[in-house]
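Observations on the three-dimensional arrangement
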2 protein chains.
Amino acid sequence: MDESHEQGSAAAGVRSVTRALQILSRLTDERTVITLRELQDETGLARTTLIRLVATLEDHGLLWAVGGNRYAPGPGLLRWARLASSSWELPLESRRALRALVETAQESASVWVRQGVRRVCVAQEESLHALRTVVRVGHDGPLWAGPTARVLIRDLPDDDLAKIAAETPDGAGRLPLMRQWQAEVREQGYAVSHGEREDALSVIAVPLVDKDGAVTAALTLAGPTGRFGDERLERYLSAIREAAEVISASGFMRLGASTPSPR
Amino acid sequence: MDESHEQGSAAAGVRSVTRALQILSRLTDERTVITLRELQDETGLARTTLIRLVATLEDHGLLWAVGGNRYAPGPGLLRWARLASSSWELPLESRRALRALVETAQESASVWVRQGVRRVCVAQEESLHALRTVVRVGHDGPLWAGPTARVLIRDLPDDDLAKIAAETPDGAGRLPLMRQWQAEVREQGYAVSHGEREDALSVIAVPLVDKDGAVTAALTLAGPTGRFGDERLERYLSAIREAAEVISASGFMRLGASTPSPR
């Protein structure tokens, strides 16, 4: 295939990668085996396209046929599992700061990064209360609602905001609200909500920043609204800011000893 | 894009998925951060193609830019990490059988499956000896050498053998040897080597089979040749066969409680 032809199929290539990942994303903790029929219904892909992509994913060990046109996560993912887990392990100082925050506040804390128009939890430490917020590493959520999202979008330019707004029922109509959130987080230095995304759930989030002060991630403390009254909120805020300072300085990734630090 | 055009770009699509995975595969335990330059040199991809694919992988959170055109495993991999680890967890009976094998033989044991022309470790249990074989889950190896490979290829038709042989310096010249291995494993029921792939390393492998007797995986016991003399070998063989029977019956994947068992 010559270079011009190659360029011509560039869009198709990117689309295929996106589709392949869309297929994998249909597997979840609750559904670890999926049928070809379910994949077809849920991705809306043409059957020939689907079969070709499933075969490619199977060849690379990302899907594993378990008989009867059913597929499970493939053993090839185990390699990435190890890589991702070791890369996203918190550096010691950051891990300690996260633990200290949970000990002080007695509520669950987590670290989130932006991934395109979504956010992903990359670290967490749980409260010891019986009633506690549980978020798993790798769990993802939207960027158009909640304090964690407000913190993560603080520095985003309008074109990124527009992509996120497009994910909401309001479309571009969401933009003014999101710009207002950006201004609030810039001014207050944090975001807080009580029962916004889930009844009785309170959340405080503060930015983790690089050395230029740009947002790289969000540090979040979450628990039952009954334990997030005004007086406690003040204490939590002071504790979460202290932890954020340490984690901003020490980082939230392990980049390998031989590697100079990012940025 | 109409359907015929779509079909025309099918090969390009599959190639793009393969290339995207090739890019990810350049990240290893030893090198968790990679530069664009290294990716270009090692994949041989045209720079425009590479940049496009890296951007796509970044959009989906599979790569994470750490500044200076350097990339680490992305947080999107964390989701798959969880999925893969839970799916490939050994069922309780199989886990017990693997532990019992290691206790009896006092050598490390592992379970391997075929993934295209390679093999991947999906479970392992380590010997407590200071000198012991260490293999990590997710680690991969070739199918053209070693007892584990000989067991895994036992039932493969010639066209699959040919693809594996093509990975060797001998090319198709390797086929007669591989066919001989198939015959040996069929006859003996196991494969053994002393110092074949690594000096002083001895390996015994036996098949794990489905209810029709077809090979689904290999169970492997490995340790220093000094501890694999004839008398011990007999004991190891009897222990590994016993474990293989239990694991063949109980399986080596967790497919979810709501899911009927495979095949």
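Because the structure is predicted, anything quoted here is derived from the model rather than measured. (Residues numbered from 1 in each chain as written. Chains lettered and ligands numbered in written order. Predicted model: local features only at pLDDT ≥ 70, side-chain atom pairs only at ≥ 80, totals over all residues. Heavy atoms only, no water.)

Let us now look at the overall build of chain A. Counting its secondary structure elements, chain A contains 10 helices and 9 strands. Principal-axis analysis of the C-alpha atoms gives chain A an extent of 60 × 45 × 40 Å. The burial tally for chain A puts 52% of its 263 residues in the buried class. For chain A, the proportion of contacts with a sequence separation of at least 24, taken over those separated by at least 6, is 55%. When the accessible surface of chain A is totalled, it reaches about 12000 Å², and 49% of it is carbon and sulfur. (Helix = DSSP H or I, 4+ residues; strand = E, 2+ residues; numbered from the N terminus. Buried < 20%, exposed > 50% of the residue type's maximum accessible area, 1.4 Å probe, protein only. Contact = heavy atoms within 4.5 Å. Areas by Shrake-Rupley, 256 points an atom, 1.4 Å probe, with all protein chains shown as cover.)

Every contact between the two is made by 74 residues of chain B and, on the other side, 74 residues of chain A. Note on chain B versus chain A: buried area summed over both sides is about 6000 Å², and carbon and sulfur give 63% of it. In terms of surface lost to chain A, no three residues of chain B exceed B:Leu78, B:Trp80 and B:Arg82, which account for 11% of the buried area on that side. Linking chain B to chain A there are 2 salt bridges. A:Arg82 serves as the salt-bridge partner of B:Asp29, at 2.3 Å between the closest nitrogen and oxygen. Counting every contact that joins chain B to chain A gives 14 residue pairs in polar contact (both at pLDDT 80 or more). It is helix H2 (residues 10-25) of chain B that provides the largest number of residues to the side of chain B that touches chain A, a total of 13 residues. When the residues that make up the side of chain B that touches chain A are grouped by side-chain class, the tally is 35 nonpolar, 25 polar and 14 charged. (Buried area = accessible area lost by both parts, 1.4 Å probe. Salt bridge = Lys/Arg side-chain N within 4 Å of Asp/Glu carboxyl O. Polar contact = N/O pair within 3.5 Å; in protein donor to acceptor, adjacent residues only side chain to side chain. Nonpolar A, V, L, I, M, F, W, Y, C, P; charged D, E, K, R; others polar.)

Right, let's talk about the sheet that holds strand E1 (residues 34-35) of chain B for a bit. Residues and elements named next belong to chain B. Judged by pairing direction, the sheet is antiparallel, and its 3 strands sit side by side in the order E1-E3-E2 without closing on themselves. Edge positions in the open sheet fall to E1 and strand E2 (63-65), since each of these has one partner strand only. Where E1 lies against strand E3 (residues 70-73), 2 bridges are found, and the strand directions are antiparallel. Bridging from a neighbouring strand, Ile-34 pairs with Tyr-71 of E3. Against the sheet, helix H4 (residues 47-59) touches E2 and E3, its axis set at about 100° to E2. (Pairing = 2+ DSSP bridges. Axes fitted to C-alpha atoms, helices over the stretch in contact; angles between N-to-C directions.)

Here we take up the packing of helix H6 (residues 92-105) of chain B against helix H10 (residues 230-250) of chain B. Residue and element names in this part refer to chain B. As a packed pair, H6 and H10 sit with axes 8 Å apart at the nearest point and diverge in direction by 175°. It follows that H6 is roughly antiparallel to H10 by the angle criterion. Touching Glu-93, Ser-94, Ala-97, Leu-98, Leu-101, Thr-104 and Ala-105 of H6 are Arg-235, Tyr-236, Ala-239, Ile-240, Ala-243, Val-246, Ile-247 and Ser-250, all from H10. Of the residues belonging to the contact of H6 with H10, the class tally is 10 nonpolar, 3 polar and 2 charged. (Parallel < 35°, antiparallel > 145°, perpendicular 65-115°, else oblique.)

Right, let's talk about the relation of the copies chain B and chain A for a bit. With an RMSD of 0.1 Å, the operation that places chain B on chain A is a rotation of 179° combined with a shift of 0.0 Å along the axis. Interpreted geometrically, this transformation is the action of a two-fold axis. Among all residues of chain B, the minimum C-alpha distance to the rotation axis is found for B:Ala81, at 1.9 Å. Taken together, the interface assignments show that 100% of the residues at the interface of chain B recur at the interface of chain A, consistent with an identical surface on both copies. (Least-squares fit on C-alpha atoms with pLDDT ≥ 70 in both.)

Taking 1.5 Å per residue, 16 residues should reach 22 Å; helix H2 (residues 10-25) of chain A reaches 23 Å between its end C-alpha atoms and fits that length. Listed in full, the buried residues belonging to H2(A) are A:Ala10, A:Ala12, A:Gly13, A:Ser16, A:Val17, A:Arg19, A:Ala20, A:Leu21, A:Ile23 and A:Leu24. (Expected span 1.5 Å × (residues − 1).)

For the rest of this paragraph, the subject is helix H8 (residues 158-165) of chain B. All names here are of chain B. Asp-160, Leu-161, Ile-164 and Ala-165 are the residues of H8 that are buried. Across the axial projection of H8, the buried residues extend over an arc of 140°, all falling on one side. Exposed side of H8, more than 90 degrees from the buried face: Asp-159 and Lys-163 are the residues found there. Buried residues along H8 sit against strand E4 (108-115) and helix H9 (175-188). (Arc of directions from axis to C-beta.)

Summarizing the sequence annotation, UniProt attributes the feature "domain: IclR-ED" (unreviewed entry) to residues 76-253 of chain A in the numbering used throughout. Note that residues 76-253 of chain A is 42% helix and 24% strand, and that its end C-alpha atoms are spaced 23 Å apart. (UniProt positions renumbered as here; feature names shortened; annotations may be inferred.)

In this section: unusual backbone geometry. Residues and elements named next belong to chain A. If you check the backbone angles, Gln-106 has positive phi at about 60° while not being a glycine. Examined against the element boundaries, Gln-106 turns out to sit in the loop between helix H6 (92-105) and strand E4 (108-115). Overall, Gln-106 belongs to the partly exposed group, its relative accessible area being 36%.

With that settled, consider the domain arrangement of chain A. Taken domain by domain, chain A consists of domain 1 (3-77) and domain 2 (88-250). The straight-line distance from the C-alpha centre of domain 1 of chain A to that of domain 2 of chain A is 32 Å. (Domains from an automatic or database assignment.)

On to the sheet that holds strand E1 (residues 34-35) of chain A, then. Residues and elements named next belong to chain A. What the 3 strands build is an open sheet, ordered E1-E3-E2; its pairing is antiparallel. Single-partner strands in this sheet number two, and they are E1 and strand E2 (63-65). Where E2 and strand E3 (residues 70-73) come together, 3 bridges link them in antiparallel fashion. Looking at E3, one finds that Trp-64 is bridged to Ala-72.

Bringing the UniProt feature "domain: HTH iclR-type" (unreviewed entry) in chain A into the picture now. The UniProt feature table records "domain: HTH iclR-type" (unreviewed entry) at residues 14-75 of chain A. Strand forms 15% of residues 14-75 of chain A and helix 53%; the C-alpha atoms that close the span are 24 Å apart.

Quick look at the packing of aromatic side chains now. Taken as a whole and assessed by the stated rule, the structure comprises 7 aromatic pairs over all chains. Consider the rings of A:Trp64 and B:Trp88, whose centres lie 5.2 Å apart with planes at 75°: the pair is edge-to-face. Of this pair, A:Trp64 sits in strand E2 while B:Trp88 sits in the loop between helix H5 (76-87) and H6, placing the two residues on different chains. Just as A:Trp64 is buried, B:Trp88 falls in that class too. Judged by centre distance (6.2 Å) and plane angle (20°), the rings of A:Trp88 and A:Phe252 are stacked. (Phe/Tyr/Trp six-rings, centres within 6.5 Å; stacked < 30°, edge-to-face > 60°.)

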